[in-house]
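# Residue-level structure breakdown
These are the residues of each chain, in order.
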Amino acid sequence: MAADRLDLLVFGATGLTGKHAISFIHEIASSRSLTWGIAGRSEKKMRELLQQKETQLGRDLSRIPVIVADITNEESLLAMAKKTKVLLNCCGPFRSLGRPVVEACIKAGTHQVDVNGEPQYMEKLQLEKHEDTERKGVYILSACGLDSIPCELAIHHLQKEFDGVLNSVVTYFEKEQEGKRLPGCAANYTTWASSITASSKWGELSNLRKKLFRTKMPDLQPKLRKRILPFRNDLVDGWMVPMPGPDHSVIERTQRYFYETEGKRPIQVECFYAEKSMWNVLVLAVLFLLFCILCRFEFGRRMLLN
């Protein structure tokens, strides 16, 4: 890569995730002498964001590069990708917006890291773009946010440090409220839209995986029992229900990779989410069922998005 390229570039910097990422990136870049910049559609909004971050961080950010790029303009995406070594893509939903960015990065020989949690998008991208990325020597890394880094790293650490043969792992996810609850939505629009799109296309995964995963995984014993009904345990205060989201899918892909390329014994994983009361579980179950039904129809998806 050209020496004048930035080390890191945040695309979608003015979105919710991008705004959070900038503070951390500034801290990491300063401690490691890395160059970084931000990219997005509106130069005005990005300049305003940097001014806000200057006040918040107490640092001069006036020299941070600002690059204008539009997801609908391939030339601008390619020009953006050529200006950095690693592109941090915070612009979702990724099923509809992620692919053009990845294609631009492959053409430019730029690594891409994103925060998407959409199994269909990740696995389809792997199926269709793996050879291109290998040929260009480019890494395309997905699920590098709350989905699914904490779970992945914890399991990898346990697998590495476990004294003996690790057969199975059960994970539990608890949510906490930091400070006073703020008014408004519990999740940002991009996450909501991604969930709707992923749910509406869930049936695609079966055929996709038949093409992508041709090697059969070993039948591990003892078998980890799958649990669907709510239950309590001694580790977490609350009722455990199957964890929504891509953690299980992402972990299985990692375990498959280690098995196929390094011959490592895969581990079985189940992921659960904790709710404080059975009433909450029942309410969520009804809402989830209604959500799944609405996602099957175009009018339902429009209603949910609106």
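Everything quoted here is computed from the prediction, not taken from an experiment.

### Regarding the overall build of the protein
What the protein contains, in helices and strands, is eleven helices and ten strands. For 306 residues, the compact-globule formula gives about 19 Å, and the C-alpha radius of gyration of the protein, at 21 Å, lands near that figure. Its C-alpha atoms put the protein at 55 × 50 × 45 Å along the principal axes. Taking all 306 residues of the protein together, the buried fraction comes to 39%.

### Focus: the pattern of salt bridges
With the rule as written, the count across this model stands at 18 salt bridges. Lys44 serves as the salt-bridge partner of Glu48, at 2.8 Å between the closest nitrogen and oxygen. Placement of both Glu48 and Lys44 in helix 2 (residues 43-57) is noted, with a separation of four residues, approximately one turn of the helix. We classify Glu48 as partly exposed; its relative accessible area is 33%.

### Considerations on the sheet that holds strand 10 (residues 268-275)
Strand-to-strand pairing in sheets goes through backbone hydrogen bonds, with the strands running parallel or antiparallel. Taking strand neighbours across the sheet as the criterion, the four strands line up as 7-10-9-8 in an open arrangement whose pairing is mixed. Of all the strands in the sheet, the pair left with one neighbour each is strand 7 (168-173) and strand 8 (231-232).

### Let's talk about the sheet that holds strand 4 (residues 84-89)
With respect to topology, six strands assemble into an open sheet ordered 3-2-1-4-5-6, the strand pairing being parallel. Because the sheet does not close on itself, it has two edges, and the strands there are strand 3 (66-68) and strand 6 (140-141). Bridge count for strand 1 (residues 6-11) against strand 4 is five bridges, and the pairing is parallel. In the strand pairing of strand 4, Leu8 is matched with Val86. Seen against the sheet, helix 2 touches strand 2 (36-40) and strand 3 and runs at an angle of roughly 160° to strand 3.

### Side note on the UniProt feature "transmembrane region" (unreviewed entry) in the protein
In this numbering, the UniProt entry assigns the feature "transmembrane region" (unreviewed entry) to residues 278-297. Along residues 278-297 one finds 90% helix and 0% strand; the C-alpha atoms at either end are 30 Å apart.

### What about the pairing of strand 10?
Of all eight residues that make up strand 10, eight are buried, and the element is covered over most of its length. Side chains of strand 10 alternate between two faces, with Gln268, Glu270, Phe272 and Ala274 and Val269, Cys271, Tyr273 and Glu275 buried alike. Direction of pairing for strand 7 relative to strand 10: parallel, over a ladder of six bridges. Each bridged residue has a counterpart across the sheet, and for Tyr172 the counterpart in strand 10 is Phe272. Sheet topology note: the strand 9 (residues 239-242)/strand 10 ladder contains four bridges and is antiparallel.

### So, the environment of Ala69
You can see Ala69 is positioned in the loop between strand 3 and helix 3 (74-81). Using a relative accessible area of 1% as the deciding quantity, one classes Ala69 as buried. Separated by 50 residues in sequence, Ala69 and Pro119 place their C-alpha atoms 26 Å apart. Sequence-distant contacts of Ala69, that is, excluding residues within four places in its chain, are made with Phe11, Gly40, Arg41, Ser76, Leu77 and Met80.

### Here's the deal with the nonpolar core
In this structure, Val10, Ala13, Ile22, Ile25, Trp36, Ile38 and Leu50 are the most contacted members of the largest nonpolar core, which totals 18 residues. Broken down by element, this core gets its largest block of residues, four residues, from helix 1 (residues 16-32). Apart from residues lying up to four places away in sequence, Ile38 is in contact with Leu9, Val10, Ala13, Ile22, Met46, Leu50, Ile64, Pro65, Val66 and Ile67. Core analysis: the next-biggest nonpolar cluster, separate from the first, contains 16 residues, Leu9, Phe11, Cys91 and Cys105 among them.

### A short note on the state of the cysteines
Per the stated rule, a full pass over the model turns up zero disulfides. No disulfide involves Cys144; its nearest neighbouring cysteine sulfur is the one of Cys90, lying 11 Å away. Looking at Cys295, it has no disulfide partner, and the nearest cysteine sulfur is the one in Cys292, 6.5 Å off. A relative accessible area of 1% means that Cys295 is categorised as buried.

### Examining the packing of helix 1 against helix 2
Put simply, helix 1 and helix 2 touch, their axes get as near as 11 Å, and they point 55° apart. The orientation of helix 1 relative to helix 2 falls into the category oblique. Here helix 1 runs over helix 2; the crossing is right-handed. Here Lys19, Ile22, Ser23 and His26 of helix 1 come into contact with helix 2, specifically with Leu49, Lys53, Gln56 and Leu57.

### Focus on the packing of aromatic side chains
This structure, assessed with the given rule, holds seven aromatic pairs. When the ring of Phe94 is compared with that of Tyr121, the centres are 6.1 Å apart and the planes differ by 45°; the resulting orientation is tilted. Of the two residues, Phe94 is situated in helix 4 (residues 94-108) and Tyr121 in helix 5 (residues 119-136); the sequence distance between them amounts to 27 residues. The buried category is assigned to Tyr121, whose relative accessible area is 6%. Between Phe231 and Phe272 the ring centres are 5.0 Å apart and the planes differ by 90°, which places this aromatic pair in the edge-to-face class. Here the residue Phe231 occupies a position in strand 8, and Phe272 occupies one in strand 10, the gap between them amounting to 41 residues. Cation over ring: Arg227 sits above Phe231, and NZ or CZ is 3.8 Å from the ring centre.

What counts and what doesn't
Residue positions are counted from 1 within each chain, in the order its sequence is given. It should be noted that, the model being predicted, local features are given only for residues of pLDDT at least 70 and side-chain atom pairs only at 80 or more, the latter also being counted only at that level, while totals for whole chains, interfaces and linings use all residues. Each side-chain value is derived from all of the structure's non-hydrogen atoms; neither hydrogens nor water enter the calculation. Going along the chain from the N terminus, every DSSP run of H or I of four or more residues is numbered as a helix, and every run of E of two or more is numbered as a strand. For this measure, only C-alpha atoms enter the radius of gyration; the expected value for a globule follows 2.2 Å times N^0.38, where N is the number of residues. Burial here depends on accessible area, computed with a 1.4 Å probe over protein chains only, as a share of the maximum for the residue type. Under 20% is buried, over 50% is exposed, and the range in between is partly exposed. Think of a salt bridge as a Lys or Arg side-chain nitrogen and an Asp or Glu carboxyl oxygen that are within 4 Å of each other. Here, any two strands with at least 2 DSSP bridges between them count as paired. By definition, residues are in contact when any of their heavy atoms lie within 4.5 Å. Helix axes use the C-alpha atoms of the stretch in contact, all axes being lines fitted to C-alpha atoms, and the angles between their N-to-C directions lie in the range 0 to 180 degrees. UniProt positions are given in the numbering used here, feature names are shortened, and annotations may be inferred rather than shown by experiment. Working definition of a nonpolar core: buried Ala, Val, Leu, Ile, Met, Phe, Trp, Tyr and Cys residues. They are joined through side-chain atoms within 4.5 Å. Disulfides are defined as cysteine sulfur pairs within 2.5 Å. Each angle is binned into one of four classes, with values under 35 degrees roughly parallel, values over 145 roughly antiparallel, values of 65 to 115 roughly perpendicular, and all other values oblique. A crossing counts as left-handed when the near helix is turned anticlockwise from the far one by less than a right angle, and as right-handed when that turn is clockwise. Stacked, edge-to-face and tilted labels apply to pairs of Phe, Tyr and Trp rings (six-membered ring for Trp) whose centres lie within 6.5 Å, assigned for plane angles under 30 degrees, over 60, and everything in between, in that order. Placement of a charge over a ring requires the Lys NZ or Arg CZ to be within 6 Å of the ring centre, with the centre-to-atom vector within 35 degrees of the ring normal.

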